[in-house]
Amino acid sequence: AALAGLGIAVLVIAIASSRRRAILSSAAAILIFACVAFFMIERTRGISVLDPQEQSTAWRLEVWREAFGIIKDHPVVGIGKGSEGKLKTSLGLYDEGRLPPGHFHSTPIQIATWWGLPALIFYFAVMCILCLAMLRSTRRLKAAGQWNLWGIQLGCLGALVAFNVSSLVHFNFGDG
């Protein structure tokens, strides 16, 4: 997830820089590095990256399935922050206790589970507003010729994108 976030962030930075050569070279580099990364992960860990039978992936798929049930049952206000630990038995979480307890390994799913769909909409709105503000700022800084600040702003945009991509499969506000 971190590597996917990095790759997508590099592509977004290249696109935001509005330089055709940067976009093409970034896309080519990402394609090459993605192939190498998949190969290395499979070779060193002995697992397929997208194998639903792999222990970590299977655990995530199970807790996501359970979370979607909670979201369906509590769409407006969720169950409250940290309540899954107290309610794990009554909600049958973690495959009825057969899996180690934890959290839902996805920032959007965790937000919707704890605080409901309105909170998730708010979260997405804040992230979109922040992303658009950063894009506008990069354009203004580039037009003004403030190259140091432009580069910093592109880096911040990339960090925001990488954070959000990674947060799809990690709870980035709670993972250690």
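As the structure is a prediction and not an experimental result, all values here were calculated from the model. Per chain, the residues get numbers from 1 upward, laid out in the order the sequence is written. In keeping with the model being predicted, local features are shown solely for residues with a pLDDT of at least 70 and side-chain atom pairs are shown and tallied solely at 80 or more, while totals for entire chains, interfaces and linings include all residues. Water and hydrogen atoms play no part in the side-chain values, which are based on all heavy atoms of the structure.

**Re the overall build of the protein chain**
1) Next: Scanning the protein chain for helices and strands turns up 8 helices and 0 strands.
2) Next: For the protein chain, the spread of C-alpha atoms along the three principal axes comes to 60 × 40 × 25 Å.
3) Next: Out of the 176 residues belonging to the protein chain, those deemed buried represent 31%.
4) Next: Summed over all atoms, the accessible surface of the protein chain reaches about 10,800 Å², with 68% contributed by carbon and sulfur. Numbering goes from the N terminus for both helices and strands, where a helix is a DSSP run of H or I of at least four residues and a strand is a run of E of at least two. Exposure categories follow from relative accessible area, calculated using a 1.4 Å probe and restricted to protein chains: below 20% of the type maximum is buried, above 50% is exposed, and the middle band is partly exposed. Residue burial considers only the protein chains on display, and all accessible areas are found by Shrake-Rupley using a 1.4 Å probe.

**Considering the packing of helix H3 (residues 55-73) against helix H6 (residues 107-115)**
A pair of packed helices is characterised by two quantities: the angle between their axes and the separation of those axes.
1) Next: Axis lines are fitted to C-alpha atoms, over the contacting stretch for helices. Their N-to-C directions set the angle, which ranges from 0 to 180 degrees. Packing of H3 against H6 brings their axes to within 9 Å, and their N-to-C directions diverge by 35°. Two packed elements cross with a definite hand, and for H3 against H6 that hand is left-handed. Taken together, the residues of H6 that come into contact with H3 (itself represented by Trp64, Ala67, Phe68, Ile70 and Ile71) are Ile109, Ala112 and Thr113.
2) Next: Each residue receives one of three labels: charged for Asp, Glu, Lys and Arg, nonpolar for Ala, Val, Leu, Ile, Met, Phe, Trp, Tyr, Cys and Pro, and polar for the others, Gly being one of them. Residues of the contact of H3 with H6, tallied by class, amount to 7 nonpolar, 1 polar and no charged. Helix crossings are classified by the rotation of the near helix relative to the far one: an anticlockwise turn of less than a right angle makes the crossing left-handed, while a clockwise turn makes it right-handed. Between two residues, a contact is recorded if the distance between any of their heavy atoms is within 4.5 Å.

**A short note on the packing of aromatic side chains**
1) Next: Each pair of aromatic rings taken from Phe, Tyr and Trp, with Trp reduced to its six-membered ring, is defined by centres within 6.5 Å and is described as stacked if the planes are under 30 degrees apart, edge-to-face if over 60, and tilted in the remaining cases. Counted according to the given criterion, the structure contains 4 aromatic pairs.
2) Next: One aromatic cluster is present, built from ring pairs that chain together Trp114, Trp115 and Phe171.

**Observations concerning the packing of helix H7 (residues 117-143) against helix H8 (residues 147-166)**
1) Next: One can describe the packing of H7 onto H8 by two numbers: an axis separation of 9 Å at closest approach and a directional angle of 160°. The angle between the axes of H7 and H8 places the two elements in the roughly antiparallel class. Considering how the two elements wind past one another, H7 and H8 form a crossing that is left-handed. Touching Tyr123, Met127, Leu130, Cys131, Met134, Leu135, Ser137, Thr138, Leu141 and Lys142 of H7 are Trp147, Leu149, Trp150, Gln153, Leu154, Cys156, Leu157, Leu160, Phe163 and Asn164, all from H8.
2) Next: Grouping the amino acids of the contact of H7 with H8 by side-chain chemistry returns 15 nonpolar, 4 polar and 1 charged. Orientation categories follow fixed angle ranges, with anything under 35 degrees roughly parallel, anything over 145 roughly antiparallel, 65 to 115 roughly perpendicular, and all other angles oblique.

**Focus on a nonpolar patch on the surface**
1) Next: Patches were defined on residues exceeding 30% relative accessible area and lacking a salt bridge, with like-charge contacts within 9 Å and nonpolar side-chain contacts (Val, Leu, Ile, Met, Phe, Trp, Tyr) within 5 Å. Definition used for salt bridges: Asp or Glu carboxyl oxygen within 4 Å of a side-chain nitrogen of Lys or Arg. Together, Ile32, Phe33, Val36, Phe39 and Met40 line one region of the surface with nonpolar side chains, adding up to about 520 Å² of accessible area.
2) Next: Mapping Val36 onto the fold places it in helix H2 (residues 20-45).

**Regarding the state of the cysteines**
1) Next: By disulfide we mean two sulfur atoms from cysteines, separated by a distance within 2.5 Å. Counted by the stated rule, this structure contains 0 disulfides.
2) Next: Here Cys128 stays unpaired: no disulfide links it, and the sulfur of Cys131, its closest cysteine neighbor, is 7.2 Å away.

**Brief notes about the confidence of the model for the protein chain**
1) Next: Confidence of the predictor at the level of single residues is given by pLDDT, which spans 0 to 100. Across the protein chain, pLDDT averages 86, with 94% of residues at or above 70.
2) Next: Helix H5 (residues 93-97) is the least confidently modelled element of the protein chain, averaging 78 in pLDDT, while H7 averages 96, the highest of any element.

**Brief notes about the nonpolar core**
1) Next: Among the buried residues, those of types Ala, Val, Leu, Ile, Met, Phe, Trp, Tyr and Cys that are joined through side-chain atoms within 4.5 Å form a nonpolar core. Counting residues in hydrophobic clusters, the biggest one holds 25 residues, and the most contacted among them are Val63, Ile70, Leu93, Tyr94, Phe104, Ile109 and Leu157.
2) Next: Elements with a minimum of two residues in this core: helix H1 (2-17), H3, H5, H6, H7 and H8.
3) Next: Of the residues forming this core, the biggest block, 6 residues, is contributed by H3.

**A word on the environment of Ala159**
1) Next: Its location among the elements puts Ala159 in helix H8.
2) Next: The partly exposed category is assigned to Ala159, whose relative accessible area is 46%.
3) Next: Taking the C-alpha atoms as reference points, Ala159 and Gly5, 154 residues apart in sequence, are found 8.6 Å from one another.

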